[in-house]
Amino acid sequence: MKNKKLLVSKIDWGTVIDHIPSWQADKVLKLLDINKIKSQKDISLIILYNCPSKKYNKKDIIKLYHHYLSKEEADLICLLFPTITINYVKDSNPVKYIPNIPKRIIGKIKCPQINCITNALNEPITSSFYVLQHLKLLQCEYCDSLLEFEKLSEYVFY
Amino acid sequence: MKNPFKNRSIISAKDFSREELEFLFGVADDIKEDPSKYRNELKGKKVALVFLEPSTRTFSSFFTAAMNAGCDVISFQDSSVTSIAKGETLFDTLKMIEGYGIDCIVLRHYYMGSAKFADEIVDVPIINAGSGSQEHPTQAMLDLYTILKKKNKIDGLKIGFLGDLRFGRTCPSLSYILSNYNIEIFYVAPQNLQIRKEVEIYLDNKGIKYKKTSDIREVIKELDVLYVTRIQKERFPDLTEYEKVKSFYSVDLNLLSLAKKDLGVMHPLPRVDELSSEVDKTPYAWYFEQAKNGLYIREALLNLILDQNEK
């Protein structure tokens, strides 16, 4: 990057997920509703692994051309790694999103406890977690089990 | 104090304050002193005992408690003979039972979180009689009652938990309920069976002092109460792990010779080989009285939840 040439072109409108820890972009991808993204023809998705970073030495970046993440998705992604920053780009101008750490997460994450009632077959129940931000943990409202923020992407479902 | 249990579900031991528990214990004392005082007090009320996991003490004490109170009782004790075996959901089972005009449902279920879910499904009070390896709040109530009766206090006591603290449901519930008091807890278990992180977080938030160790001999001298639990075979996905730890600790007279003379040994029962029968006839043995207290506490709970007098 000595010549400061950009690896990919700037985005005119869309979402940039920046400062993802190096080689961890796949975990972020799993938190995106990828089927929804794929269903929209104009969207391009670019993943940059292990790019130079002034702040962190190395980082990953995800660029979503012509797609704005929902605020709910953005908040969930910011829980995964505290270094992540999200910019919404409009008319080539980036606006940094200030994440709103939710108190509860309902329906997005599967409980890691296999014996939790929320994992029972055919029961009409939706998973629900409290966010214990200071401990970087989610706690299942039903079975009390804990889930580390960093493991969120292993338990996401759409 | 106004009855704080009327029409209330018993889901988690976290939900009850010291004052509320002592209100319950007052009624349990009354029943213990004069069982006839509350006999048939709940005549005309219907209680369903839905036990979809094996149980002896909890089922029989709830059954006897409900009968003593004059309730009509319907019960399922084995999921293999109910429609659950045909794939019926807990939701459908409970909706069906509620439709029979039941006033209270006592539920034991193998899924963690089942009691909370049940409470969301039906309008009648749910009593959690064991939700997988998560919690067993009425056991914690009777355990606390037993300690109070034997020691005349809870504050200042040092309480040890020994055995399977990870998969057992009684230790989390008793820990939660004890956190209403100024106590110190010692968790004694092999590392892979130590108390779950969520219990530690709860105790940290409540400012309760606790210590984790794997050596009972290191702490036995300090304890006022030793709560022994069975290593539960059915909680182990891998049976070789069970074989490795099942005799990890056993409580016998040799170990108790190191303890305070007035140490109380408790056990939610059934026991296998973790608690020697040679302890049974010593003053250390509190566990049969503990089991008996289950009846008074459960009868008191039913009377308070289904209270017909207080408007």
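Along each chain, numbering runs from 1 in the same order as the chain's sequence is written. Here every chain gets a letter starting at A, and every ligand a number starting at 1, in the order they are written. Side-chain atom pairs in this predicted model are given and counted only at pLDDT of 80 or more, local residue features only at pLDDT of at least 70, and totals for whole chains, interfaces and linings cover all residues.

A. Here's a closer look at the interface of chain B and chain A. Taken together, the contact pairs 14 residues of chain B with 18 residues of chain A. Elements supplying a minimum of two residues to the side of chain B that touches chain A: α3 (90-99), α4 (114-121) and α7 (197-206) of chain B. For the side of chain B that touches chain A, the per-class residue count stands at 6 nonpolar, 5 polar and 3 charged. C-beta atoms are first placed from the backbone for all residues, and any pair lying within 7 Å is then listed as a contact. In DSSP terms, a helix is any run of H or I states spanning at least four residues, a strand is any run of E spanning at least two, and both are numbered starting from the N terminus. When residue character is reported, Ala, Val, Leu, Ile, Met, Phe, Trp, Tyr, Cys and Pro are called nonpolar, Asp, Glu, Lys and Arg charged, and the others, Gly included, polar.

B. The arrangement of the environment of Ser127 of chain A in detail. Residues and elements named next belong to chain A. Relative to the helices and strands, Ser127 is located in the loop between β6 (104-106) and β7 (128-132). The sequence separation of Ser127 and Cys51 amounts to 76 residues, and the corresponding C-alpha distance is 36 Å. Non-local contacts of Ser127, meaning those with residues more than four positions away in its chain, are made with Gly107, Ile109, Lys110, Cys111 and Thr118.

C. Summary view of the sheet that holds strand β4 (residues 126-131) of chain B. All names here are of chain B. The pairing criterion is simple: DSSP has to find at least two bridges between the two strands. On the basis of which strands lie adjacent, the open sheet formed by 4 strands has the order β2-β1-β3-β4 and parallel pairing. Here the strands that pair on one side only, and so sit at the sheet edges, are β2 (72-76) and β4. Ignoring strand direction, the axes of neighbouring strands in this sheet form an average angle of 10°. Here strand β1 (residues 46-51) runs beside strand β3 (residues 104-109); their pairing, made up of 5 bridges, is parallel. Bridging across to β3, Val47 finds its partner in Cys104. A fitted line through C-alpha atoms represents every axis, and for helices the fit uses only the stretch in contact; the resulting angles, taken between N-to-C directions, go from 0 to 180 degrees.

D. Layout of the domain arrangement of chain A. Residues and elements named next belong to chain A. Assigned domains of chain A: these are domain 1 (14-97) and domain 2 (104-154). Start and end points for every domain follow an automatic or database-based domain assignment. Each of domain 1 and domain 2 has a C-alpha centre, and the two are 24 Å apart. Facing 6 residues of domain 1, the contacting portion of domain 2 comprises 5 residues. Across the side of domain 1 that touches domain 2, the residue classes break down as 4 nonpolar, no polar and 2 charged.

E. Representation of the confidence of the model for chain B within the structure. As a per-residue measure, pLDDT tells how confident the predictor is, with possible values from 0 to 100. In the predicted model, chain B carries a mean pLDDT of 93, and 95% of its residues have values of at least 70. This complex was scored by the predictor with a pTM of 0.91 and an ipTM of 0.92.

F. Main features of the pairing of strand β8 (residues 225-228) of chain B. Residues and elements named next belong to chain B. Counting other C-beta atoms within 10 Å of each residue's C-beta, where C-beta atoms are placed from the backbone, gives the exposure class: buried for 20 or more, exposed for 12 or fewer, partly exposed between. In β8, alternate side chains face the same way, and those of Val225 and Tyr227 on one face and Leu226 and Val228 on the other are all buried. Two strands pair when backbone bridges link them, and β8 and strand β9 (residues 264-266) are joined in this way by 3 bridges, in the parallel orientation. Its bridge partner lying in β9, Val225 is registered against Gly264.

G. Spatial organisation of the packing of helix α1 (residues 18-33) of chain B against helix α5 (residues 137-151) of chain B. All names here are of chain B. Two elements in contact, α1 and α5, have axes separated by 11 Å at closest approach and are oriented at 75°. With respect to their mutual orientation, α1 and α5 come out roughly perpendicular. On α5, the residues touching Leu21, Leu24, Phe25 and Ala28 of α1 are Met141, Leu144, Tyr145 and Leu148. In terms of residue class, the contact of α1 with α5 is built from 8 nonpolar, no polar and no charged. Roughly parallel means an angle under 35 degrees; roughly antiparallel means over 145; roughly perpendicular covers 65 to 115; every other angle is labelled oblique.

H. Layout of unusual backbone geometry. Across the junction of Leu269 of chain B and Pro270 of chain B, the peptide omega takes the value 5°, indicating a cis bond. Among the structural elements, Pro270 of chain B can be located in the loop between β9 and α11 (287-305). Phi is positive for Asn50 of chain A, which is not a glycine, with a value near 55°. Note on placement: Asn50 of chain A falls in strand β2 (residues 44-53). You will see that His66 of chain A, though not glycine, has its phi angle at about 65°, which is positive. Residue position: His66 of chain A is located in the loop between β3 (57-65) and α3 (71-80).

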